[in-house]
Amino acid sequence: MAEPLRDTSAMDWREEGVLLAVRKHGETSAIIDVFTESRGRHAGVVRGGTSRKIAPILQPGAQLDLAWRARLEEHLGAFAVEPLRSRADLMGARDTLAALNAVTSLLAFVLPEREAHPTLYQRTLSVLDMIGDGDFWKLGYLRWELALLDDLGFGLDLGRCAVTDRSDNLVFVSPKSGRAVSRAGAGQWADRMLPLSPALVGQGEGSDADVLEGLTVTGHFLGQHFAPTLGDRPLPAARQRFVDLIARGLRREGGGQ
Amino acid sequence: MMARLPGLGPRSARRAVLFLIKKRSILLGPLADAMRQVADTARECLNCGNIGTTDICEICRSEKRGNGELCVVEDVADLWAMERSGVFKGRYHVLGGTLSALDAVGPDELRIPKLVDRVKSEEIQEVILALNATVDGQTTAHYIAEQLEGGVRVTSLAQGVPIGGELDYLDDGTISAALRARKSV
């Protein structure tokens, strides 16, 4: 009797992906976390990953050609990696490196393993390509955090007031529901609301101050939704460093005037 | 126990042990004495983190090395690599690692506060950040530069084409770094 054909695509596949994190494994190998379009966040061993030849390739943010193989689908498996594109140019400046670290560490923190997020993957590629380019890349980063929340099912609803259902005079975000609230709707709870940055709703000039205000809101919801389910771990320090850097830049600008 | 050393597996450890036993008088005895001496005397320099036989290492004690330059390295192996080149004549500061979100290594786990103290107390004019050209290494370099901002000149090692390197074999990140750091000939 002929053996049934086995679908090996789950145990042997090849795809492009962004490297999120690297951990040393034993003396010569490394375990990497990558983000791919159709397989989401995926881990695997890279044999010889700490060697002089491969270690420079395995830097967070690098675009890699990945060939993954395992005996069973649920195994950790091993990657063969080829570099497609390094993002080493982002290491040159403080703010771009901080943004790169924030993107990769947040993805490694919040994404469940082996769950496809194709839209978020495309948004991630866009934001990584945008970092350091032009005047509005920090606004692009904020939009990416909004997309991250949205893609994982915690999108903010900033179109209408949660209390009055009106779309004018929206100035707050409810820290519980993530919905916009107008000044009139907030009433006596105004002091408990988060500010609705114009950058969150595609208004304003996309200044660093607006972006910072927007990051306060996205940071609140990232912490609220993901920290409890991930063992109450705080958000990655890399994100906070990026936020601090923007705040420091604004203080310096303010002091210089 | 030998098999627990880096680079040795059980088989190679067995080979090494048998070899040592065969060469008992010329190798095993002197090696055991040397290791006993290291175990008794080796310690971390309280000032820079280098490994020596006294509380304050030779480099920190030498007045000749107090030229106002301080080279910051990730670990002792990097310090020894710099010393092998014989080019740097100042003092060192060993961090003991790099910032890493994944391994939960923050500034407090490294010797960064001690570095800030040394810059003030030893009248340092230039801090040279000789950290690895990796994401973690450069994140640490930028963090240190922030901590020292305004007080002292902070520089970092150049990045680019290595001696004997061929452009064809370089990755695009190295080429772009080299191009940015080009100089007149």
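Residues numbered from 1 in each chain as written. Chains lettered and ligands numbered in written order. Predicted model: local features only at pLDDT ≥ 70, side-chain atom pairs only at ≥ 80, totals over all residues. Heavy atoms only, no water.

Undergrad: How would you summarise the overall build of chain A if you had to cite specific residues and measurements?
TA: Summing up its helical and strand segments, chain A has 6 helices and 8 strands in all. Tracing chain A from N to C terminus, the helices and strands come up as β-β-β-β-β-α-α-α-β-β-α-β-α-α. Summarising its shape, the C-alpha atoms of chain A cover approximately 75 × 55 × 30 Å along the three principal directions. Counting the 257 residues in chain A, one finds 47% classified as buried. Sequence-distant contacts, at least 24 apart, represent 57% of the contacts inside chain A between residues at least 6 apart. With the model as given, the accessible surface of chain A reaches about 13,000 Å², and the carbon-plus-sulfur share is 50%. Between the centroid of the 30 positive side chains of chain A and the centroid of its 33 negative side chains there is a distance of 5 Å. (Helix = DSSP H or I, 4+ residues; strand = E, 2+ residues; numbered from the N terminus. Buried < 20%, exposed > 50% of the residue type's maximum accessible area, 1.4 Å probe, protein only. Contact = heavy atoms within 4.5 Å. Areas by Shrake-Rupley, 256 points an atom, 1.4 Å probe, with all protein chains shown as cover. Lys, Arg positive; Asp, Glu negative; His and termini not counted. Charge placed at Lys NZ, Arg CZ, Asp CG, Glu CD.)

Undergrad: Describe the overall build of chain B, listing the residues and the values that go with them.
TA: For chain B, the helix and strand inventory stands at 7 helices and 6 strands. For chain B, the α and β elements follow one another from N to C terminus as α-α-β-β-α-β-α-β-α-β-α-β-α. At 20 Å, chain B has a C-alpha radius of gyration far larger than the 16 Å of a compact globule built from 185 residues. Projected onto the principal axes, the alpha-carbon positions of chain B cover approximately 60 × 45 × 40 Å. Each of the 185 residues in chain B was classed as buried or not, and the buried ones make up 35%. Across chain B, every contact between residues at least 6 apart in sequence was considered, and the portion connecting residues at least 24 apart equals 49%. Looking at chain B as shown, the accessible area adds up to about 12,000 Å², and 55% of this sits on carbon and sulfur atoms. With 23 positive and 25 negative side-chain charges, chain B shows a spacing of 11 Å between the two charge centroids. (Rg over C-alpha atoms; globule rule 2.2 N^0.38 Å.)

Undergrad: Tell me what's going on with the nonpolar core, and back it up with residues and numbers.
TA: In this structure, Val103, Leu107, Tyr141, Trp144, Leu148, Leu215 and Phe242 of chain A are the most contacted members of the largest nonpolar core, which totals 59 residues. Secondary-structure elements contributing two or more residues to this core are strand 1 (12-25), helix 1 (94-110), helix 2 (118-130), helix 3 (137-151), strand 6 (170-173), strand 7 (180-182), helix 5 (208-226) and helix 6 (237-256) of chain A. Ranked by the residues each element gives to this core, the list is headed by helix 1 of chain A, at 11 residues. One finds Leu95, Ile112, Leu131 and Ala141 of chain B within the second-largest nonpolar core, a separate group that totals 17 residues. (Core = buried A, V, L, I, M, F, W, Y, C linked by side-chain atoms within 4.5 Å.)

Undergrad: Outline the sheet that holds strand 6 of chain A, supporting the account with residue identities and numerical values.
TA: Sheet strands line up and pair through hydrogen bonds in the backbone, either parallel or antiparallel. Pairing is antiparallel in the open sheet, where 3 strands are placed in the order 7-6-8 (chain A). Looking along the sheet, the strands with just one partner apiece sit at the ends: strand 7 and strand 8 (194-195) of chain A. (Pairing = 2+ DSSP bridges.)

Undergrad: So, the interface of chain A and chain B: which residues are in play, and what are the values?
TA: Interface extent is often summarised as the accessible area lost during association of the parts. Listed as interface residues are 21 residues of chain A and, on the opposing side, 21 residues of chain B. With both chains or domains summed, chain A and chain B bury close to 1,700 Å², and 56% of this area falls on carbon and sulfur atoms. When the buried surface of chain A facing chain B is broken down by residue, Met91, Arg94 and Arg241 of chain A rank first, second and third, together holding 35% of it. The interface formed by chain A and chain B contains 3 salt bridges. One salt bridge connects Arg94 of chain A with Glu149 of chain B, and the closest N-O pair in it is separated by 2.9 Å. Taken together, the connections running from chain A to chain B amount to 7 residue pairs in polar contact (both at pLDDT 80 or more). Those elements that place two or more of their residues in the side of chain A that touches chain B are strand 1, helix 1 and helix 6 of chain A. Of the residues assigned to the side of chain A that touches chain B, the class counts are 9 nonpolar, 4 polar and 8 charged. (Buried area = accessible area lost by both parts, 1.4 Å probe. Salt bridge = Lys/Arg side-chain N within 4 Å of Asp/Glu carboxyl O. Polar contact = N/O pair within 3.5 Å; in protein donor to acceptor, adjacent residues only side chain to side chain. Nonpolar A, V, L, I, M, F, W, Y, C, P; charged D, E, K, R; others polar.)

Undergrad: Describe the domain arrangement of chain A, naming the residues involved and giving the relevant values.
TA: Residue and element names in this part refer to chain A. Entries for chain A in the domain assignment read domain 1 (10-86) and domain 2 (92-158 + 196-253). The centre of domain 1, based on its C-alpha atoms, is set 24 Å off from the matching centre of domain 2. Between domain 1 and domain 2, the residue contacts involve 23 residues of the former and 19 residues of the latter. Buried surface at the junction of domain 1 and domain 2, both sides included, amounts to about 1,600 Å², of which 57% is carbon and sulfur. For the interface between domain 1 and domain 2, the tally reads 1 salt bridge. The salt bridge involving Arg85 is made with Asp129; its shortest N-O contact spans 2.7 Å. Between domain 1 and domain 2 we count 8 residue pairs in polar contact (both at pLDDT 80 or more) in total. Those elements that place two or more of their residues in the side of domain 1 that touches domain 2 are strand 1, strand 2 (29-36), strand 3 (40-46) and strand 4 (63-69). (Domains from an automatic or database assignment.)

Undergrad: So, the environment of Asp129 of chain A: which residues are in play, and what are the values?
TA: If you trace the backbone, Asp129 of chain A turns up in helix 2. Residues Asp129 of chain A and Thr119 of chain A, spaced 10 residues apart in sequence, show a C-alpha to C-alpha distance of 16 Å.

Undergrad: Go over the UniProt feature "zinc finger region: C4-type" (unreviewed entry) in chain B with me, naming the residues and quoting the values.
TA: According to UniProt, the "zinc finger region: C4-type" (unreviewed entry) feature falls on residues 45-60 of chain B. Helix makes up 19% of residues 45-60 of chain B and strand 12%, and the two end C-alpha atoms of the span are 8 Å apart. (UniProt positions renumbered as here; feature names shortened; annotations may be inferred.)

Undergrad: Give a detailed account of the UniProt feature "domain: DNA replication/recombination mediator RecO N-terminal" (unreviewed entry) in chain A, specifying residues and quantitative values.
TA: In this structure's numbering, the residues bearing the UniProt feature "domain: DNA replication/recombination mediator RecO N-terminal" (unreviewed entry) are residues 11-82 of chain A. For the annotated span residues 11-82 of chain A, helix accounts for 0% and strand for 57% of the residues, and the straight-line distance between the end C-alpha atoms is 19 Å.

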